[in-house]
Amino acid sequence: MNFRGSHIISVDQLNRVSVEKIFDVADSMTPYASRLQTTKVLDGAILGSMFFEASTRTRMSFGCAFNSLGGSVREIVDMKTSSISKGESLYDTARVISGYSDVIVMRHPSPGSVEEFAKASRVPVINGGDGDNEHPSQALLDLYTIRKELEHKRSMIDGMRIAMVGDLKNGRTVHSLSKLLLLYKNITFTMISPNELKMPNEILDQLILAGHKVIETDNMKVGLSDNDTVYLTRIQEERFEKQSDADLYRGQFKLNQEIYTQHCAPNTVIMHPLPRDSRANANELDSDLNLHPNLAIFRQADNGVVIRMALFALVLGVEDSVHKTSAPVKWFTDTRTTTTT
Ligand code: NCD
């Protein structure tokens, strides 16, 4: 893929070479993402950040990524405070915001909306999640995390075994991650979900056609037994018609220390795109695993910054100039710690 000037809407745009390129650029961003070095490569550039759905990690990490490249961020944080609530079209919004910024990140509740917006934009648009459809930057940071975690265990993505757990019907992160894994070989997917929240057949068919093995089950304990990585997801309650419909599944697919020890293969990496639902009746990923060395969820969230820095650098064509304006941070003191768990 030729990144420069391109929109990033779907993982379908990527091939294995372009994924490797993103990962290489992401690796080179580590000193900036951990705020040990600064760069001014995007000095004067503006990110238009438009989040029409709730977000903590994605919005913050896109913003931090852009700031860490030396650029500035302007934000819209919900529908209510934007003119979309006055009936303004995506077309007009895109024409306007793309006049104010050099690149745009957008999250929106309707599938396909970011693509529609991008068609009217004069600058590159990155999809920060469009309804239950796609979340390409999350899939990239998830895959980057899996690769790093497996490397520590002298293993790799080709041939790995991954269980995806929870709301596989409505979860855009598992949709994008599954499709991204089409680029790799001989993966065993165990899809653990209630029957009503199964991974869409269209994605399952693509995985099988690509030569991967797919097992589907609604039995968490059986499904957990033989994996390198377990990827848990939240019941996407905002995508259900009624809260009571979502509540039917609350707490059905939990992982805690006891279940992990009894049912997971030793050293299984635990992932979750977050937020995890920690309310008592859901508690889908128990805090009793917080100090477990195989709990990768916070390393996974940290990786969001380097991946998003790489995407900005690539679509704006500055990936080879980042280090030219590099300098150590001035406020750094010996007492400051950069945490890697
Ligand atoms: C996910 C999302 O928004 O799709 N969160 C994220 O971006 N890390 C997952 C979720 O909300 O459950």
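Residues numbered from 1 in each chain as written. Predicted model: local features only at pLDDT ≥ 70, side-chain atom pairs only at ≥ 80, totals over all residues. Heavy atoms only, no water.

Looking now at the packing of helix α1 (residues 16–28) against helix α12 (residues 297–315). Contact geometry of α1 with α12 gives a least axis separation of 8 Å together with a crossing angle of 110°. Looking at the two axes, α1 sits roughly perpendicular to α12. Relative to α12, α1 is oriented so that their crossing is right-handed. On α12, the residues touching K21, I22, F23, V25 and A26 of α1 are V306, I307, A310, L311, A313 and L314. Residues of the contact of α1 with α12, tallied by class, amount to 10 nonpolar, no polar and one charged. (Axes fitted to C-alpha atoms, helices over the stretch in contact; angles between N-to-C directions. Helix = DSSP H or I, 4+ residues; strand = E, 2+ residues; numbered from the N terminus. Parallel < 35°, antiparallel > 145°, perpendicular 65-115°, else oblique. Left-handed = near helix turned anticlockwise from the far one by under 90°. Contact = heavy atoms within 4.5 Å. Nonpolar A, V, L, I, M, F, W, Y, C, P; charged D, E, K, R; others polar.)

Turning next to the environment of I84. In this fold, I84 is placed in the loop between β3 (72–76) and α4 (90–100). Here I84 falls in the buried class, since its relative accessible area comes to 17%. Between the C-alpha atoms of I84 and F52, which are 32 residues apart in sequence, the distance is 9.4 Å. Setting aside anything within four residues of it in sequence, one finds I84 in contact with F52, M79, L90 and T93. (Buried < 20%, exposed > 50% of the residue type's maximum accessible area, 1.4 Å probe, protein only.)

This next bit is on unusual backbone geometry. Cis geometry is adopted by the peptide bond preceding P275, which originates at L274 and carries an omega value of 5°. Along the chain, P275 falls in the loop between β10 (269–271) and α12. Even without glycine at this site, R35 takes up a positive phi of about 55°. Considering the arrangement of structural elements, one finds R35 in the loop between α2 (30–33) and β1 (37–38). With phi around 75°, N267 is a residue other than glycine that occupies positive phi space.

The subject of this paragraph is the pattern of salt bridges. Throughout the structure, instances matching the rule amount to 19 salt bridges. The partner of R161 in a salt bridge is D226, with the nearest N and O atoms 2.5 Å apart. Of the two residues, R161 is situated in strand β6 (residues 161–165) and D226 in the loop between α9 (220–223) and β9 (229–232); the sequence distance between them amounts to 65 residues. Linked by salt bridges that have partners in common, E237, D247, R250, D277 and R279 make up one network. (Salt bridge = Lys/Arg side-chain N within 4 Å of Asp/Glu carboxyl O.)

The assigned domain composition of the protein is domain 1 (11–134 + 301–332) and domain 2 (136–298). When domain 1 packs against domain 2, the two sides together hide about 2,600 Å² of surface, and 52% of this comes from carbon and sulfur. For the domain 1 face of the interface with domain 2, the top three residues by lost area are V11, R16 and F23, together amounting to 25%. Where domain 1 packs against domain 2, one counts six salt bridges. The shortest N-O distance in the salt bridge between D12 and K179 comes to 3.2 Å. Contributions of two or more residues to the side of domain 1 that touches domain 2 are made by α1, α3 (57–68), β4 (103–108), β5 (125–130) and α12. Each residue belonging to the side of domain 1 that touches domain 2 can be placed in one class, and the counts come to 12 nonpolar, eight polar and 12 charged. (Domains from an automatic or database assignment. Buried area = accessible area lost by both parts, 1.4 Å probe.)

Okay, the pairing of strand β7 (residues 188–192) next. Across the five residues of β7, five count as buried, placing the element largely inside the fold. Inspection of the sheet shows β6 paired to β7 by five bridges, in the parallel sense. Counterpart to A163 in the pairing with β7 is T190. Regarding topology, helix α7 (residues 172–180) serves as the crossover connection from β6 to the parallel β7, and that connection is right-handed. Sheet topology places β7 next to strand β8 (residues 213–217); five bridges connect them, and they run parallel. Across the sheet, the residue bridging to T188 is K213, located in β8. In this region the chain leaves β7, passes through helix α8 (residues 201–209) and returns to the parallel neighbour β8; the handedness of that crossover is right-handed. (Pairing = 2+ DSSP bridges. Right-handed = clockwise from strand over helix to strand, strands pointing away.)

It is worth spelling out the nonpolar core at this point. Within the largest apolar cluster, 66 residues are counted, with the highest numbers of intra-cluster contacts made by I22, M164, L181 and F312. Residue contributions to this core peak at 10 residues, all from α12. Looking at this core, you find at least three residues from each of domain 1 (11–134 + 301–332) and domain 2 (136–298). If we skip the residues at most four places from it in the chain, L181 touches L143, I157, M160, M164, I187, F189 and H212. Among the nonpolar cores identified, the runner-up in size contains 18 residues, and A163, M220, L232 and Y260 belong to it. (Core = buried A, V, L, I, M, F, W, Y, C linked by side-chain atoms within 4.5 Å.)

To continue, consider α8. Within α8, the full set of buried residues consists of I203, L204 and L207. All buried residues of α8 project into a common sector of 100° when viewed along the axis, lining one side. Exposed side chains of α8 directed beyond 90 degrees from the buried face belong to E202, I208 and L209. Considering only its buried residues, α8 is in contact with α7, β7 and β8. Of the residues flanking the end of α8, it is G211, one or two places downstream, whose phi is positive at about 90°. (Arc of directions from axis to C-beta.)

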